[in-house]
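Spelled out, the chains give:
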Amino acid sequence: MDSKPCHVILGATSGIGSELCRQLLASGANVVAASRNSDTLREFAETTGVRPFTLDATAIDQVAACLADAQQTFGRVDGVANCVGSLLLKPAHLTSDAEWQATLAINLTSAFAAVRAGAKAMLQTGGSIVLVSSAAARIGLANHEAIAAAKAGIIGLTLAAAASYAERGIRVNCVAPGLVRTPLTARLTTSETSLKSSAAMHPLGRIGEPSDVAAAMAWLLDPAHSWITGQVFGIDGGLATLRTRGKS
């Protein structure tokens, strides 16, 4: 068994996922980086040293195979994080059946796959599972019906799994970011007008960066914080909980 901790990151080539991988590598951990983007993943592995694993995170059996590969390679799995996600901004009446099903699969099914495979891998040893919800699941935002429903499901999954696996020493938590500057949100962050409007929605006056969310996820994966489970952390500049007075 390798003496260094091993973490499996699903959605490892995403903005937040790639940053999380880098932070974990810097801490001295072994990192299995999983993504469906094989070319991007190969390049990422060559430049960082992660162990690449190509998969479709909505396929539960493929996620299980990834965890099995990590355990066989390093002799242990200490943490699993799911950074797979999508963004659909449409009201319910304009959302197609295909868009609804895809939103659920990419966000909620991948999270369930991470929990199921992660729990099986860590039943005897304990560990940490970290999921990604959204501020949109905690407040009402127009045109977010599908993504808010999927991300709210992740909060429910987090709480139930945390209760199920607490006696096994498996901690399950999730982060709920506000708007973060990633390739996924480029349509909202590359326009100066849209960016200014989005930043104004967050009480701290700016949108998030991948490092903001990744740092919180790395913290939750760290066994030093072994008394924290079943929590939803708003990494959102105050978006979901604060209403400030207008600036004078």
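Note that this is a predicted model, so its numbers are computed, not measured.

Chemist: How should the side chain of N30 be read in this particular structure?
Modeler: Along the chain, N30 turns up in strand β2 (residues 30–35). Residue class for N30 comes out buried when judged on its relative accessible area of 11%. Among the polar contacts listed, one links the side chain of N30 to the side chain of D2, at a separation of 3.3 Å. Contacts of N30, omitting those with residues within four sequence positions, involve D2, K4, P5, C6, H7 and F74.

Chemist: Help me understand the pairing of strand β3 (residues 51–54) in this model?
Modeler: Where a strand is regular, its side chains alternate between the two sheet faces. Pairing geometry for β2 and β3, over 4 bridges, is parallel. Along β3, the bridge assignment pairs A34 with F53. You can see the chain leave β2, run along helix α2 (residues 38–48) and come back into β3, and the turn it takes is right-handed.

Chemist: Any chance you could explain the pattern of salt bridges here in plain terms?
Modeler: It is possible for side chains bearing opposite charge to pair when their charged atoms get close. For the structure shown, the criterion picks out 6 salt bridges. Residues R181 and E209 are paired through a salt bridge, measuring 3.0 Å at the closest nitrogen-oxygen approach. A residue pair is termed long-range when its members are at least 10 positions apart, and R181 in the loop between β6 (170–175) and α6 (186–189) and E209 in the loop between α7 (192–201) and α8 (210–221) qualify at 28 residues. For R181, a relative accessible area of 36% puts it in the partly exposed group. Since its relative accessible area comes to 27%, E209 is described here as partly exposed.

Chemist: What exactly am I supposed to notice about the pairing of strand β4 (residues 79–82) here?
Modeler: Taking every second residue as pointing to the same face, both faces of β4 are buried, with G79 and A81 on one and V80 and N82 on the other. Looking at chain direction, strand β1 (residues 6–10) and β4 are connected through 4 bridges and run parallel. Each bridged residue has a counterpart across the sheet, and for V8 the counterpart in β4 is V80. With 3 bridges connecting them, β4 and strand β5 (residues 127–132) associate as parallel partners. Bridge assignment links G79 to a residue of β5, and that residue is S128. In this fold, the crossover linking β4 to β5 by way of helix α4 (residues 97–122) has right-handed handedness.

Chemist: Just checking my understanding: could you explain the sheet that holds β6 for this structure?
Modeler: Adjacent strands of a sheet pair through backbone hydrogen bonds, lying either parallel or antiparallel. In spatial order, the strands read β3-β2-β1-β4-β5-β6-β7; together these 7 strands make up an open sheet with parallel pairing. Whereas interior strands pair on both sides, the edge strands pair on one side only; in this sheet they are β3 and β7 (232–233). Of the strands in this sheet, β5, β6 and β7 are in contact with helix α5 (residues 145–165), which crosses β6 at around 160°. Strand contacts of α8: β1, β4, β5, β6 and β7, with the helix running at about 170° to β6, the strand carrying the most contacts.

Chemist: Teacher, can you tell me more about the packing of helix α3 (residues 60–74) against α4 here?
Modeler: Packed helices, taken two at a time, are described by their axes: the angle between them and the distance between them. With their axes 9 Å apart at the nearest point, α3 and α4 run at an angle of 35° to one another. Crossing geometry of α3 relative to α4 is assigned as right-handed. Facing I60, V63, A64, L67 and Q71 of α3, the residues of α4 in contact are T109, F112, A113, A114, R116, A117, G118 and A121. Grouping the amino acids of the contact of α3 with α4 by side-chain chemistry returns 9 nonpolar, 3 polar and 1 charged.

Chemist: Explanation requested: the packing of α4 against α5 in the structure shown.
Modeler: Orientation of α4 relative to α5, taken along the N-to-C sense of each, is 15°, at an axis distance of 9 Å. Considering the angle they form, α4 stands roughly parallel to α5. Classified by chirality, the crossing of α5 by α4 is right-handed. Packed against α4, whose contacting residues are W100, T103, L104, N107, L108, A111, F112, V115 and A119, the element α5 presents A146, I147, A149, A150, K151, G153, I154, L157, A161 and Y165 at the interface. Here the contact of α4 with α5 is built from residues that sort into 15 nonpolar, 3 polar and 1 charged.

Quick notes on the rules
- Residues numbered from 1 in each chain as written.
- Predicted model: local features only at pLDDT ≥ 70, side-chain atom pairs only at ≥ 80, totals over all residues.
- Heavy atoms only, no water.
- Helix = DSSP H or I, 4+ residues; strand = E, 2+ residues; numbered from the N terminus.
- Buried < 20%, exposed > 50% of the residue type's maximum accessible area, 1.4 Å probe, protein only.
- Polar contact = N/O pair within 3.5 Å; in protein donor to acceptor, adjacent residues only side chain to side chain.
- Contact = heavy atoms within 4.5 Å.
- Pairing = 2+ DSSP bridges.
- Right-handed = clockwise from strand over helix to strand, strands pointing away.
- Salt bridge = Lys/Arg side-chain N within 4 Å of Asp/Glu carboxyl O.
- Axes fitted to C-alpha atoms, helices over the stretch in contact; angles between N-to-C directions.
- Left-handed = near helix turned anticlockwise from the far one by under 90°.
- Nonpolar A, V, L, I, M, F, W, Y, C, P; charged D, E, K, R; others polar.
- Parallel < 35°, antiparallel > 145°, perpendicular 65-115°, else oblique.

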